[in-house]
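# Reading the structure
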Amino acid sequence: MTVARANVAQKAALVYNPTKVDAEKLRSMVERHAAEAGWAEPIFFETTVEDLGQGVTAEALAAGATAVLVAGGDGTVRAVAQAMTGTGVPLSIVPSGTGNLLARNLRLPLDAPEVMVRAAFTNHTLPVDVGFADLTRADGTREEHAFVVMGGIGLDAAMIANTNSQLKKTVGWVAYLDGAARSLPSAKPFRVMYQLDNRRLQNAKVQSVLFANCGSLPAGIELIPGASIADGLLDVAVIQPRGPFGWLAVWRKVWWENSVLRRSEAGRRVLARTPHNTSIRFFRGEAFDAATRPAQPVQIDGDEFGEAVRMHCRLEVGGLLASVPEGHDTSGL
């Protein structure tokens, strides 16, 4: 259910990655909609290599922004969302990057930027959860980063590290297949201790552990079935393929079972009669802890975040107000 805000004197701020957008066109669009809505003159902030969006978003809020628009890749959206969590200021996501994963999981239009610019001025929002990953490095230092989609430790992070950045610019998210091809030959399972909420401590040999706020990827792939961005629960996937055909079982689980069969009643009946696939184990809870030695690579919302020996993941339930177009169907989110 969306929530309408009271119409008071307001000012919008646009935070954008200049390498991802036509800045002049986008700024003009925001100015036009602000004028039509009777809002104050909007303010604009560019991201940089040193500031992916968190710092300039804090500046925008300090300057009195009562609504923020973000245009950039998944990393930009993540950084801006981190700065805005808990502020009560709405965020309108103007899809601009390769994956557009948060916009995709919110079922926002991916090829109609004006719709999302307009949404910033129409006062309709949806409270969504934001995840936070507290990482402990091998030297004992700690740092916390937000995630709005998902992160992981192990092979998925190595895959992202091995993805050719130029190829990603050319062919988009498909470039991650190249990263996977580079990572799989040398992939080795690692031992991890993990615990969800206060349940029994688990010990397993895995290739990767994913922690997710939502589970949809491009091309209709449902990596984590039933994951919701607004249910107050964290989804965890423990990936542990066994034997030479283990990765085939992983792919079958993600693509055929999660992304095809679960979409229809007939498919779900087939799944009910299918032997349990243990290549991926799914869990759901309010908090998640994992520890491993030696340190393993970490990715958060598709960006590298070095290596860690331990991580604690939690959710800030309803911590971010996402702007949505008027009449947007939020059922099932």
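Right above here is the structure, for reference.
All values reported here derive from a predicted model rather than from experimental measurement.

Conventions adopted
For every chain, the first residue of its written sequence is number 1, and the numbers climb from 1 along that sequence. Only residues with pLDDT of at least 70 get local features here, since the model is predicted, and only at 80 or more are side-chain atom pairs given and counted; chain-wide, interface and lining totals rely on the full set of residues. Note that the side-chain values use all heavy atoms of the structure and ignore hydrogens as well as water. Centres within 6.5 Å make a pair out of two Phe, Tyr or Trp rings, where for Trp the six-membered ring is used; the pair is then stacked when the planes are under 30 degrees apart, edge-to-face when over 60, and tilted otherwise. Under the DSSP-based scheme used, a helix requires at least four consecutive residues in state H or I and a strand at least two consecutive residues in state E, with every element numbered from the N terminus. Partly exposed describes any residue whose relative accessible area lies between the buried limit of under 20% and the exposed limit of over 50%, with all areas from a 1.4 Å probe on protein chains only and scaled to the type maximum. Residues belong to a common nonpolar core when they are buried Ala, Val, Leu, Ile, Met, Phe, Trp, Tyr or Cys residues joined through side-chain atoms within 4.5 Å. Whether two residues are in contact is decided by their heavy atoms: any pair within 4.5 Å suffices. Starting at the helix axis, one direction is taken to each C-beta atom, and the arc is that of these directions. When DSSP finds at least two bridges between two strands, those strands are taken to pair. Only four residue types enter the charge count: Lys and Arg as positive, Asp and Glu as negative, with His and the chain ends excluded. Salt bridge, as used here: a side-chain nitrogen of Lys or Arg that lies within 4 Å of a carboxyl oxygen of Asp or Glu. Polar contact criterion, stated in full: a pair of N or O atoms within 3.5 Å, where within protein one must be able to donate a hydrogen and the other to accept it, and residues adjacent in sequence count only if both atoms are side-chain atoms. Axis lines are fitted through C-alpha atoms, for helices just across the contact stretch, and the angle between N-to-C directions can take any value from 0 to 180 degrees. Roughly parallel means an angle under 35 degrees; roughly antiparallel, over 145; roughly perpendicular, 65 to 115; everything else is oblique. Left-handed describes a crossing whose near helix is turned anticlockwise from the far helix by less than a right angle; the clockwise case is right-handed. For this scheme, ten residues count as nonpolar: Ala, Val, Leu, Ile, Met, Phe, Trp, Tyr, Cys and Pro. Four count as charged, namely Asp, Glu, Lys and Arg, and the remainder, Gly too, count as polar.

Attention now moves to the packing of aromatic side chains. This model, assessed by the stated rule, comprises 4 aromatic pairs. Ring geometry for F147 against F211: centres 5.1 Å apart, planes inclined by 70 degrees, an arrangement best described as edge-to-face. Of this pair, F147 sits in strand β7 (residues 142-147) while F211 sits in strand β11 (residues 208-212); the two residues are 64 residues apart in sequence, bridging distant segments of the chain. For F147, a relative accessible area of 0% puts it in the buried group. Feature note: the residues Y194, F283 and F288 constitute an aromatic cluster, connected by ring pairs.

Residue P294 is reached from R293 by a cis peptide bond, and omega for that bond is -5 degrees. Relative to the elements of secondary structure, P294 occurs in strand β16 (residues 287-300). For R107, which is not glycine, the phi torsion reads 60 degrees and is therefore positive. Within the fold, R107 resides in the loop between α4 (101-105) and α5 (113-119).

Bringing the nonpolar core into the picture now. Among the nonpolar cores identified, the biggest contains 60 residues, and V68, L91, I93 and L106 are the most heavily contacted of them. Those residues in contact with L91 that sit more than four places away from it in its chain are V68, L69, V70, V80, A81, M84, L320, L321, A322 and S323. Counting 25 residues, the second-largest nonpolar core is a separate cluster that includes F190, V209, A308 and C313.

What follows deals with helix α2 (residues 54-62). Every buried residue of α2 is listed here: V56, T57 and A60. Viewed along the axis of α2, the buried residues span an arc of 105 degrees, placing them on a single side of the element. On the buried face of α2, the contacting elements are β2 (12-16), β3 (43-46) and α3 (74-84). After α2 finishes, the residue G64 shows a positive phi value of roughly 100 degrees.

A word on the pairing of β11. Of all 5 residues that make up β11, 5 are buried, and the element is covered over most of its length. Neither face of β11 is left uncovered, since the one carrying S208, L210 and A212 and the one carrying V209 and F211 both have all their residues buried. Pairing geometry for strand β8 (residues 150-154) and β11, over 5 bridges, is antiparallel. Across the sheet, the residue bridging to M150 is A212, located in β11. Across 5 bridges, β11 lies against strand β14 (residues 234-239) in antiparallel orientation.

A word on the side chain of D301. Its place among the elements puts D301 in the loop between β16 and β17 (303-323). Although buried, D301 forms no salt bridge, and the nearest oppositely charged side chain, R78, lies 5.2 Å from it. Here the side chain of D301 touches V148 through a polar contact of 2.9 Å, landing on its backbone nitrogen. Beyond its immediate chain neighbours, meaning those up to four positions away, D301 contacts D74, R78, F147, V148, V149, M150 and G151.

As enumerated under the stated definition, the model contains 6 salt bridges in all. Among the ionic pairs, E143 bridges to R137, the shortest N-O distance being 2.8 Å. The partly exposed category is assigned to E143, whose relative accessible area is 32%. The exposure class assigned to R137 is buried, which follows from its relative accessible area of 14%. The closest approach of N and O atoms between D235 and R284, which form a salt bridge, is 2.7 Å. Pair noted here: D235 is in strand β14 and R284 is in strand β15 (residues 280-285), with a separation of 49 residues, a long-range link. Overall, R284 belongs to the partly exposed group, its relative accessible area being 32%.

Attention now moves to the packing of α2 against α3. Between α2 and α3, whose axes approach to 8 Å, the crossing angle comes to 40 degrees. The angle between α2 and α3 falls in the class oblique. The interaxial crossing formed by α2 with α3 has right-handed handedness. Residue-level inspection shows Q54, T57, A58 and L61 of α2 in contact with α3, the latter providing A79, V80, Q82, A83 and M84. Along the lines of polarity and charge, the residues of the contact of α2 with α3 split into 6 nonpolar, 3 polar and no charged.

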